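# Working through the structure, step by step
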Amino acid sequence: MSAHFMHLCILCASKQDINLVVLGAKYSGKTELWFRLRDKKRPKGTTDNTAKEKIESFTLKSKEGSIRLNASIDIGGDNSWVRDYDNIIHNNSIIYYLLDVTQLNKDTSTQQAQLRKIGTLLKNYNCKLTLLGTFFDQYDGDEEKARKEIKKNFKDIVGLSIHDLPIILINTTDGACIDRIKSDIIQNSKLFN
């Protein structure tokens, strides 16, 4: 075997697999985000609650470059899906947890239970968690107010330090917001190489 071929094999073997995980409560924008990240338009009339849909491996492209992401799953947002978190969060996972910022003043017990489970799993894996505040374009307030509300509502989650987590406020149908998330994914993927 030539030295050049061996070097290529070592490079391929050392490249990390990157898992993208998109979680959140019902109607927080998870399915829309998956469509947008794959540069696809969501078919009209598909606003129903997602049950479980396979996301094929795809190449995410942004101004910063591109990255191949492993196959994943788009799952529903009620607490019955929390048991599936064990099957989709692994080492080298970039996790986006979506919070509808227009619903922060309502009951957040579902989101708290989901974030507790994520916090438990983060202890076992090398992952990057980011909170995405969705529907920010419909929020009655500014960025500072939204961030304070998120930190206040989720400050006591065991296993997570909400104050240390990045929070990105977005509109999942805005191309500039999606470009920002794509760039964030590519930047976060470098943590695992």
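Remember, predicted model here, so these are calculated numbers, not experimental data.

### Description of the nonpolar core
The nonpolar side chains of a soluble globular protein tend to be buried, and buried together. Among the nonpolar cores identified, the biggest contains 29 residues, and Leu 23, Tyr 85, Ile 89, Tyr 97, Leu 131 and Ile 150 are the most heavily contacted of them. Residue assignment for this core shows that the elements contributing at least two residues are strand 1 (19–24), helix 3 (85–88), strand 6 (93–100), helix 4 (109–122), strand 7 (127–134), helix 5 (143–153) and strand 8 (167–169). Core analysis: the second largest hydrophobic core is formed by 23 residues, Val 22, Leu 37, Ile 178 and Phe 192 among them.

### What to know about helix 5
Among the residues making up helix 5, those that are buried are Ala 146, Glu 149, Ile 150 and Asn 153. Taken down its axis, helix 5 places every buried residue within 100° of arc, on the same side. Relative to its buried face, helix 5 has exposed residues pointing more than 90 degrees away, namely Lys 148 and Lys 152. Structurally, helix 5 contributes buried residues whose contacts are with strand 6, helix 4, strand 7 and strand 8.

### Observations regarding a negative patch on the surface
Taken together, the side chains of Glu 64, Asp 137, Asp 174 and Asp 179 make up a negatively charged region of the molecular surface. Within the secondary structure, Asp 137 is located in the loop between strand 7 and helix 5. With relative accessibility at 46%, the residue Asp 137 sits in the partly exposed group.

### Some words on helix 6 (residues 175–189)
Given 3.6 residues per turn, any residue in an α-helix points the same way as the ones three and four places further on. Between its terminal C-alpha atoms helix 6 stretches 21 Å, which fits the 21 Å expected from 15 residues at 1.5 Å a residue. Of all the residues in helix 6, the buried ones are Cys 177, Ile 178, Ile 181, Lys 182, Ser 183, Asp 184, Ile 185, Ile 186, Asn 188 and Ser 189. At the N-terminal boundary of helix 6, the capping side chain belongs to Asp 174, with an oxygen 2.7 Å from the backbone nitrogen of Ala 176.

About the criteria used
- Residues numbered from 1 in each chain as written.
- Predicted model: local features only at pLDDT ≥ 70, side-chain atom pairs only at ≥ 80, totals over all residues.
- Heavy atoms only, no water.
- Core = buried A, V, L, I, M, F, W, Y, C linked by side-chain atoms within 4.5 Å.
- Buried < 20%, exposed > 50% of the residue type's maximum accessible area, 1.4 Å probe, protein only.
- Helix = DSSP H or I, 4+ residues; strand = E, 2+ residues; numbered from the N terminus.
- Arc of directions from axis to C-beta.
- Contact = heavy atoms within 4.5 Å.
- Patch = residues over 30% accessible without salt bridge, like charges linked within 9 Å, V, L, I, M, F, W, Y side chains within 5 Å.
- Areas by Shrake-Rupley, 256 points an atom, 1.4 Å probe, with all protein chains shown as cover.
- Salt bridge = Lys/Arg side-chain N within 4 Å of Asp/Glu carboxyl O.
- Lys, Arg positive; Asp, Glu negative; His and termini not counted.
- Charge placed at Lys NZ, Arg CZ, Asp CG, Glu CD.
- Expected span 1.5 Å × (residues − 1).
- Polar contact = N/O pair within 3.5 Å; in protein donor to acceptor, adjacent residues only side chain to side chain.

It is worth stressing that arrangement in space is one thing and function is another; only the former is reported here.
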